[in-house]
Each structure stands twice: as structure tokens, then as C-alpha cells.
Amino acid sequence: MNEATPANAAAGNPPAAGTSAAGLAGALTVNGIRRQVRQEEAELTLLEYLREVLGLTGTKNGCAVGACGSCTVVVNGQGRRSCKTRVSEVLGKDVVTIEGLEGRDGSLHPIQQSFIDAGAIQCGFCTPGMVMSAYALLLRDPSPDRTAIRTALSGNLCRCTGYQQIVDAVELAAARMRG
Amino acid sequence: MANETKSAFRNDARAKVRGRALYADDIRLPDMAHAVPVYTRFVRARNLRVDVSAARAAPGVLGVFTAADVPGQVRFGQIVRDYPMLAEGTIQCEGEVIALAVAETRRQALAAAALVVEHAEELPPVTDPEEALAPGAPVVRWGGDDNLANRGRVRRGDAAAALASCDLVVDETFSTQAVEHAYMEPESAVAIPRPDGILEIRGSMQHPFSTRRFVAALLGVSLAEVEVVGTTAGGGFGGKDDTAAIVCARAALAARKLGRPVKLTYDREWSFRESYKRHPYRLRYRVGFSKDGTARAAEIDMLCDSGAYTSVTPWVNWRSTAQCCGPYYVDAVRMDIRAAATNNVFTGAMRGFGAPQVNFAVEQVMDIAAERLGLSPLEIRRKNMVKQDGLTITGQRLDTHVVSLGQVMDTVVRDSGYEAKLARCSRGKAEDGRLYGIGLAISYRGSSLGAEGLDYCSAVVNVQADGSVLLDAAIHENGQGAESVQMLILARELGLPVERIRRQWSSTSRIPDGGTTVATRGTIMGGGAVAQAARELKRLMAETLADELGDPKAVRFEGGRVGAPGGPSLSWEEAVSRMYDRRIYPYAFGTFRAPPVSWDEHTGQGDAYFTYVYSCQAAEVSVDPATGRVQLLALWAAHDVGRAINPPMTLGQAYGGMVQAAGMALMEDLAPEGGRLGNRNLDRYKIPRARDIPEMRCTLVENPDPNSPTGAKGIGEPAIELLAPAIANAVYNATGIRCRDLPIRLDPEALK
């Protein structure tokens, strides 16, 4: 596992002065990389931390009140709204964002490929959150029916697609992942 | 055809599904400052004074700008220049921005914004359009001497006399609510002063050229000094024109003042508060019928709320006027529409654009009349619908394309099993504790701008020396798949795999203004321009290479080869190489100008649109009599799109439009009170979620349209304009209760 501090990992973010072991709140893992978290960073929302500190802008801010699901990430295997989560709540935990779903060789996860093939993408702003909610669903239920898919995705708003092809995509992904 | 693809094609899908698509708020630049808006605390006020001294002294603050800092025009607009980009003198609605706070960080800018002090003399707001137009009402229309923001009409025959002689007159009043676009991405803009003296704008918007006009106006610079560069847009639905452009203009003002890149990203509450909504309408329909169901006369009055500024109200009203009788021919029509200026958040373009409101009324009137005359909803529609080579209520003869209204209705009737299901509707008598109903609606929709605007678009095809192709077009990607459609059209025209084509990021400095990406004109106008550019390129290549390939008129571009059938041919790459050898660029600029349309404002008669899309949708509902809650069981659609270029994306437009219409019908409520929105985030403003929506089926009907260079028409707005009345008709067939107001609310007491 790679070890990195947020400051040297995120291009364009200069190291903050005064970083020291004493100022650390703990650590978490983001997309397989262990991150040391400073005290002041622990008070940020996970969404702010991902976007502003780590530069992982795939996770989106659609409402900031936990209603739209655009900011969904997976924490220890469970879907979570990063806008309503403090970094301090996920110290010691394993966070996966949309950037962490693909293979290291850039190969798409079957859920990602299925979203493309089923025509489930329009403006794309809800797509990362949708994909992460689908990922959390398929971790716990590899064979959901369409009603279960709709229920699992109901924390994620989409204004473009009417959900039909998103449900198609998750059904297709589940079939592909079962082999 | 070789390049026909039945799986979804999108040039942006891979980036979007990886989280790598770059939306405006994802842009990070060295030395970038952050701006935030400061809102008024009033709804209506005068003698505005803004004190920014404390805010300017706050930590990290780089500047706090007000209308006094604007070098160009403070007020701008698409039709009337009445929208203050920063409040000046008066406050007309709660969405007005009195200052812009700019700091090193967003947090610092937000802290500074809280220190801006606003002084003004508060006035009672005018929020009811009827009261706004009553004699003696306070004048709230900026620069006006009354509150009448617009009016329109149709005069055809003697409607009053015809109505008096009808066997049945249906007299009904309906109302529709203001609706939020709720694009998932709130407005965001980044303005970048460039070393070449040009101010570059990247932002979330649906029309870069409109944005450029707003930016240039606010800064008082020429259009050539501003370059708006395409940026991934997280949805628009008509909603990212004026307000999104003004967000860009404010970022531009700060960047120009500071000489630094400035980002201005809206949070959801700001977006709700400031952005325009769908126009609320009140509609009174008096429609007269003969015993056999023929609609003979209509007297129609509409009143709509334009809110604090004009925006595109006259154009929205015009579509309501031209399509005031829905897809039916009526011999005698008197129709009047008025728009009132009020102190509500302003109203403007939203997907459907004046048609969903009208259809909500017309399609219920038809069901009401059918029941009273003892006819079926299908019989009365078949009798009155516009027909091949027949007339519209504006006197236009529909003889240039296939009029397929009967075909789309028959398709939905067949797909849904409408007639059998209609027979078993509950009509107020619950079975197993539920009330069941099915309802249907039909529509026709004039394609593109029609007689409301100058309608043309452009595209550039630039073939590189290795045979790869760069494509640009003046229709913007809002997320609907416009670029992918353009690429597929070009691939088909040139006989190349779509992989050989790249759609370059658009820029206002590289292609002429092709008009707004609105009015379902992306495929017909933008795609049409691409087809014209491709045909111009093919003509140039065939003529240039005539000594090798023979008669230019016989040359085909198919399967990666160029040549006449049975004659000599070259591979595409060889043909391109020969062009460069002869120092003739394989480059073409194409334009598509819409066929002529006409309109007489005094009579409301003319050839309103150059072609129409025909649609039918149906809904099945289940109503819980204990709660009044309406559950959707299934949704059905058929649309004659001319030709579906990218069928999975065409279907995606249909599904998405139906669900937006379902939200309008059943859920969406801004809860306005005294000019303030009660619901201003997605937790309380409910839009449909996956569990609210049933399975949908849409059948694409394809009658290629001779008026369109590609045969394709469009789908974006037809999809949203008729499901609300279909749902209302289904609710009636379930409950026996006619819902005349949106959103539909059923009182459980009435269901007992």
C-alpha cells in the first residue's frame, strides 16, 4: 500500500506549514492509498476533503444537504453521502470514490462499462454517485431485481434519464459480475 | 447502414463514468480567487444602498463589487434589458444579488459576504399576476408604466357566434405551477484573464454565445474580446441561459477587476433562489362541440406570471398561442394571452416552453367533452386531430411532411392495451382498497424556434492529412448527447467509422453563433448543419478529384471508400491525401437555414413552424383512497422523431422527459409565499426518485422529414409536454375527480 500525505499527493496543493505528527488526527484509506489527516482536515466534510484536499473531483456536490446523492462514496463497503460525513467520522476506514473503481490499468469496472452500454449516461453529474450506490448494492446483493435496484438507487437523484436505463445498467452489470 | 449503431454511442461517456469529466467547479487554476453572491433580504424595495466597507476589510478579501463597479451595462436580457446583473436602485425579487464578494478562498468570501450591509425602503410585493394587471396596481415592471409584460392572440373566424350555436360547451379553468429545472449541477463559472487580452470563460451553460453577450455587456467590451469555451454541463433543460450567463458575467467582472482567474460556484439554495422557473399559467377554455364530437369553436384566455424580469416570456407565450388548441383543428378561435410582471422569481425557458401548460388544459377538455358526448377519448381525438394536408388553427397547411398523429396514438393504444384497460378503470369505486385508472394525451409540437426567431446553425468539418476528422458545430452539449448525434451524422455522411471523428471542444471564437441550444433544435438544426457541411465537403472532394473519379455527381462516400459505383475509387485516406497534394483543403463550412415561416401578430395566423413532432403518451395509476396518494404503474409513449440518429439516447430523452413531466404532475412545488420560495433545496422540493417511477416503454416512430437535412426532427421537448394531462386523465378515470390544478393533490375526504 502506498503511503502519502494529502499535501504531496494532490498536485497543485502546496504542503501546509506546520504539518507534524502532533497535528495529525489519524488516517484513512482512499482508493487504496493511506492518507494522514491533519486536525483541521478532520473537521472538513468528506466531500470537501476529497475535492479540495485530494483533488478527487469525480465526487460531486449537488445539494450539500444529503438529498441528491451526487456525493455518494463507499465507506467500508457501504454507500455514504460524503457531504453529510465529517472526515473525523471515517478515520481508520476504507473509502472508495469513483476514481478508485477502475482497474490500475484503466480498465473499467463492469458497472462503469454497463452504464456506458445501457445508455445510462446523459449529463453525467449524477453518474459517479449512481455508480457508487450501485457498487454498494452489488456488494451486498449480487442478484437484485429491478425493484430492489430502484430502491437502492432512490437516494440518488437524476434529472436527465428517468432512471430507466440506469436500472437497465445495474441489471446488466449484476449479470456480468455473476459471470 | 454500416454506421448505424443500436448500442448507445456517447463521446463523453467514458470520462463521465470515470469521474474525469471536467465540470466548471472541477477546474483548478493557480492563483484562482473565489467569488460568492450577496443576496438582498427584500422582495421589493427602493432607494437601495449597499455598504461594503466592512466586507472589504475582512481577511483574504480581494474585492467586493456592486453595480457601481460595473464598467458596462448593469441590466441585460435576451429580449428586454431589464435583468440587473448586480442590483441597482431597486429590488424587484428575492433573487437579486446586491454585491459580489471575492477572496482568496471560498470560505473567506462567504465570511465577507455576511458583512455586507443593505439599506433600502421596503415595499409590499406584488405577487399575484391577476392583481398585478388590475387597475391601480403598483407598477413593478422595470422601466414600465404598467405590469403587462407581454400579450398575444389568435383571431380565426367568429368564435363567439360559433360557440353560441354549439351542442355542448365545455367551460373549464386550469392552473399550472412554477417548476424548478433542478439540473443536478448548480451554476458555476470560471473566468480567466488571458495574456492575449481576451477574457476566457468556462462555465456551466447551455448557450455559449448568449453567455458571451451577457459577459461583453457587463464589461462593456466587444464580443471578440470574450471567448467562451465549452465545458461539461450538468444538465440544462432550458434553465442554463440567462442565469447561468449572468453567473459567468459576474465571475468575468471580478476577474477583469482583479486580473486573476475567478471561480463562482453556486450552492443549491442560491440556484433555487435566483434561477428562473417554468411560467405558472392560469387557463380558461370554453370549447364548443357538435353532437358528433367535432370541436367547432374555442374561446381561450391565458394569464401567466413573468416574475420580476421579461427574459423569454414573449417567446414562451408565442408557442402557447400558436399551439393553443393542442393538436386539433378548430374552425373558429379567439385566444388571448397576457403575461404579468410581478415580484416573484422570474420565469423563462424550460423544456416544453409554453406547451406543457396548454396541453394540460386541452387534453383534459377533450376527455371531459368525450364523456359528456358519450364518445371515447380516442374517438373525439381522431375526429379533431390535425390531418395530412389539413389545416392548423393558425391556417397552416400540413403538406410538407407525414402527419402521424393517428399513427402515434394507435401505437400507444396498442402498446399499452389502452382500450381494455380503460374499460376496467375504477371510476371512484375501489377494488381491493385501490383505485385504478389509465389516461392518455396527444400533442403536436412545432420544431425549433418557428416564427419566434431567426433560425440557422453552422458546422465545420476539418479533415486532417491522415484522414481523421475534426468536427465543430454551434449546438452545445448540455448532457443530452448533441455532440454524439453530430458525430454519428457526419460518420454516416462520409461513410466512415465514428471512431475516425473527433468533436472538438466548442469555442465562441472558432465558429459563428448558431443560436441557442433550445427548442428541440439540437438534432434538426445542429445535426442539419453538420449534414450540410459534410455534403459541401463531399462536393468539393468529388469535383477536385473528378479527373480520377469521373462524374462528381455519381461519386459516393461509403464504407471508407470514395468513388462512383462500378467506377474507379480511392480509399478515404487516399482521397484526402490527393486533396492536400492539390493544395485544396478538405475543409467545409456548412449552414442549415430553417425553411420559411410566417406570423401575423394581429390575427395569430401564419405558418408557425416548418415542421412538427407528433406524440402520444399514456399513464396507468393506482390511487390509495385512504391517503390520496397517486402511484404510477406504467408509462407509455410513442413519438414520431423523423429519424432516430442514436436510438438509445433518443429513448433516454423520452424517458427523462416523461419523468420530469411526472414530477410536474404529482410532486414539484416551490411553495411560493409573498415572493419567497418555501422550498429551495432538493430535500423539500421533491423531484422523482427511482422508486417513484415505474417501468416505461417508448416506441420511436420514424417518418423521415423532408424538411430536415437528416430526416430527423427531435425529442427533447415533445417528451415532457403531455404526460401531466395523461396522468390527470388517469386520475380522473380512477377516482372520478377532475384535477384542474398542478401539482395534483387529492383530498382523501373526497375519495370516501
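Refer to the structure above for everything that follows.
### Examining the interface of chain B and chain A
With 46 residues of chain B in contact, the opposing surface of chain A contributes 44 residues. Elements represented by at least two residues in the side of chain B that touches chain A include exactly helix 1 (13-17) and helix 18 (647-666) of chain B. In terms of residue count, helix 18 of chain B provides more of the side of chain B that touches chain A than any other element does, 8 residues in total.

### Points about helix 11 (residues 377-384) of chain B
For helix 11 of chain B, the complete set of buried residues consists of Pro377, Ile380, Arg381 and Asn384 of chain B. Relative to the axis of helix 11 of chain B, the buried residues are bounded by an arc of 100° and lie together on one face.

### Description of the nonpolar core
Residues Ala101, Cys248, Ala251, Ala252 and Ile727 of chain B are the most contacted members of the largest nonpolar core, which totals 313 residues. Discounting chain neighbours no more than four positions away, the residues touching Ala101 of chain B are Ala35, Val36, Val38, Ala55, Val61, Val64, Ala109, Ala112, Ala113 and Val116 of chain B.

### Structural notes on the pairing of strand 25 (residues 612-623) of chain B
All names here are of chain B. With respect to burial, strand 25 is a largely interior element, 11 of its 12 residues being buried. As paired elements, strand 17 (residues 435-446) and strand 25 share 12 bridges and run antiparallel to each other. Residue Ser443 lies in a different strand from strand 25, and its bridge partner there is Ser615. The sheet contact formed by strand 25 and strand 26 (residues 630-640) spans 10 bridges and is antiparallel. Opposite Cys616, over in strand 26, you have Ala638 as the bridge partner. Where strand 25 folds back on strand 26, the antiparallel hairpin that results is connected by 6 residues, among which Gly628 adopts a positive phi of roughly 80°.

### Thoughts on helix 17 (residues 572-581) of chain B
All names here are of chain B. All of the buried residues in helix 17 are Trp572, Ala575, Val576 and Met579. Each buried residue of helix 17 lies within a common arc of 100° when the element is viewed along its axis, so the set occupies one face. Summarising the contacts, the buried residues of helix 17 are in contact with strand 18 (456-463), helix 15 (522-544), strand 22 (561-563) and strand 23 (569-571). One or two steps after helix 17, the chain reaches Arg583, where phi turns positive at roughly 60°.

Conventions adopted
Residues numbered from 1 in each chain as written. Chains lettered and ligands numbered in written order. Predicted model: local features only at pLDDT ≥ 70, side-chain atom pairs only at ≥ 80, totals over all residues. Contact = placed C-beta atoms within 7 Å. Helix = DSSP H or I, 4+ residues; strand = E, 2+ residues; numbered from the N terminus. Buried ≥ 20, exposed ≤ 12 C-beta atoms within 10 Å, placed from the backbone. Arc of directions from axis to C-beta. Core = buried A, V, L, I, M, F, W, Y, C linked by C-beta atoms within 7 Å. Pairing = 2+ DSSP bridges.

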